[in-house]
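Each chain is listed here by its residues.
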Amino acid sequence: MNFIKKNLKTFSVLTFAVFAVAMTNMVATSWDVDKSHSAINFEVTHFFTPVNGQFNDYTAQVNFDPNNLEESMIDVQIMVNSIDTKNEKRDGHLKSADFFNASEYPMMTFKSTEIRSVGNNKFVAVGDLQIKDVSREIELPFTLLGVQDNPMAEGKLVAGITSEMMIDRTEFDVGVGDWASDAVIGDEVTVNLNLELHTEK
């Protein structure tokens, strides 16, 4: 009887240990975004000429491990009022109801539901992009540029991610009335994400 109890106890301890290790492995690495070395940029044509801009205020939760994509996720909130095209009058117009309607819809959001590898450190985050009151599933391609020990911060890792994708502004009702046509402003907007990430080792 003592032999059975002893073995049951050993089995319970081993089971708990395996479960604990499994739970640890399920958690993807949580990264902090270094905003001083990161940017959310966009480009759209005005008549024939590309006009560039960026959003200066955003938050991002990045849980990412290329070896544990099942538990990886990206969650981004972008503050519309932080739009910056280096032209105050234009920025004010973009915040108005003609475009982003920032007073009613102050944030744009993206939250992934799946991240998959497409090879050579390239990945696709599938998720919902919401702009104004329109939400659509999109595919956000991104490249892991590298991961290394941070020589400027002992005990930390640094990583780089870059992404480029096209968004049709008309699918999100950005540009209404006289601005719905692409006669002046192009429909396609190129979005570039460049993120420097940090985490504890």
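As the structure is a prediction and not an experimental result, all values here were calculated from the model.

Undergrad: Mind laying out the overall build of the protein, listing which residues take part and the relevant values?
TA: Within the protein, the secondary structure is distributed over 2 helices and 11 strands. Order of helices (α) and strands (β) in the protein, N terminus to C terminus: α-β-β-β-β-β-β-α-β-β-β-β-β. Of all intrachain contacts in the protein linking residues separated by at least 6 positions in sequence, the fraction that spans at least 24 positions is 55%. Of the roughly 12400 Å² of accessible surface on the protein, 55% is carried by carbon and sulfur atoms.

Undergrad: Go over the environment of K35 with me, naming the residues and quoting the values.
TA: By the secondary structure assignment, K35 is in the loop between β1 (30–33) and β2 (39–46). A polar side-chain atom of K35 sits 2.2 Å from the main-chain carbonyl oxygen of Y58.

Undergrad: Can you break down the pairing of strand β10 (residues 156–168) residue by residue, with the values?
TA: Taken residue by residue, a regular strand's side chains alternate between the two faces of the sheet. Pairing of strand β9 (residues 134–149) with β10 involves 6 bridges; the strand directions are antiparallel. Opposite G146, over in β10, you have G160 as the bridge partner. As consecutive antiparallel partners, β9 and β10 are separated by 6 residues, and within that stretch G155 has a phi angle of approximately 80 degrees, a positive value. Relative to strand β11 (residues 188–200), β10 runs antiparallel, the two being bridged by 13 bridges.

Undergrad: I'd like a description of the packing of aromatic side chains, backed by residues and values.
TA: Summed over the entire model, instances satisfying the criterion amount to 6 aromatic pairs. Plain terms: the ring middles of F99 and W179 are 5.8 Å apart, the flat faces sit at 45 degrees to each other, and that makes the pair tilted. Taken together, the residues span a long stretch of sequence, with F99 in the loop between α2 (88–95) and β7 (107–119) and W179 in the loop between β10 and β11 at a distance of 80 residues. Taking relative accessible area as the criterion, F99 reaches 3% and is therefore assigned buried. Under the relative-accessibility criterion, W179 is labelled partly exposed at 27%. Relative to F142, the ring of F123 has its centre 5.5 Å away and its plane inclined at 20 degrees; by these criteria the two rings are stacked. On the criterion of sequence distance, the pair formed by F123 in strand β8 (residues 122–131) and F142 in strand β9 is long-range, its members being 19 residues apart. Take F142: its relative accessible area is 3%, and that puts it in the buried class.

Undergrad: Outline the layout of surface pockets, supporting the account with residue identities and numerical values.
TA: The calculated volume of the largest pocket comes to roughly 800 Å³. Around the largest pocket, the lining is made up of 37 residues, and of these F42, F55, I83, F100 and V189 lie nearest the centre.

Undergrad: Can you explain the nonpolar core? Please cite residues and give values.
TA: As a rule of thumb, soluble globular proteins bury nonpolar side chains together. Membership of the largest hydrophobic core comes to 43 residues, with the highest contact counts inside it found for F55, F64, F100, I115, F142 and L197. For F100, the residues in contact, after removing those within four places along its chain, are F55, V80, I83, L94, K95, Y105, M108, I131, K132 and V174.

Undergrad: Break down empty space enclosed by the protein for me, citing the residues and quoting the values.
TA: Per the stated rule, a full pass over the model turns up 1 cavity of 30 Å³ or more. Of the volumes computed, that of the largest cavity is approximately 80 Å³. Along its surface, the largest cavity is lined by V62, I74, V76, L140, F142, I161, S163, L193 and L195. Listing elements by their share of the lining of the largest cavity, those giving two or more residues are β5 (73–79), β9, β10 and β11. Of the residues that constitute the lining of the largest cavity, the class distribution is 8 nonpolar, 1 polar and no charged.

Undergrad: Help me get a handle on unusual backbone geometry, residues and values and all.
TA: Excluding glycine, residues mostly have negative phi values, and the peptide bonds linking residues are mostly trans. Even without being a glycine, N120 presents a positive backbone phi close to 55 degrees. Residue position: N120 is located in the loop between β7 and β8. Positive phi outside glycine occurs at D173, with the angle close to 55 degrees. With respect to the element layout, D173 can be found in the loop between β10 and β11. With relative accessibility at 38%, the residue D173 sits in the partly exposed group.

Definitions and limits used
Residues numbered from 1 in each chain as written. Predicted model: local features only at pLDDT ≥ 70, side-chain atom pairs only at ≥ 80, totals over all residues. Heavy atoms only, no water. Helix = DSSP H or I, 4+ residues; strand = E, 2+ residues; numbered from the N terminus. Contact = heavy atoms within 4.5 Å. Areas by Shrake-Rupley, 256 points an atom, 1.4 Å probe, with all protein chains shown as cover. Polar contact = N/O pair within 3.5 Å; in protein donor to acceptor, adjacent residues only side chain to side chain. Pairing = 2+ DSSP bridges. Phe/Tyr/Trp six-rings, centres within 6.5 Å; stacked < 30°, edge-to-face > 60°. Buried < 20%, exposed > 50% of the residue type's maximum accessible area, 1.4 Å probe, protein only. 1 Å grid on protein atoms, 1.4 Å probe; cavity = no way out; pocket = protein on both sides within 12 Å on 5 of 7 lines; lining within 4 Å. Points joined across faces, edges and corners; volume = space filled by probe spheres on them. Core = buried A, V, L, I, M, F, W, Y, C linked by side-chain atoms within 4.5 Å. Nonpolar A, V, L, I, M, F, W, Y, C, P; charged D, E, K, R; others polar.

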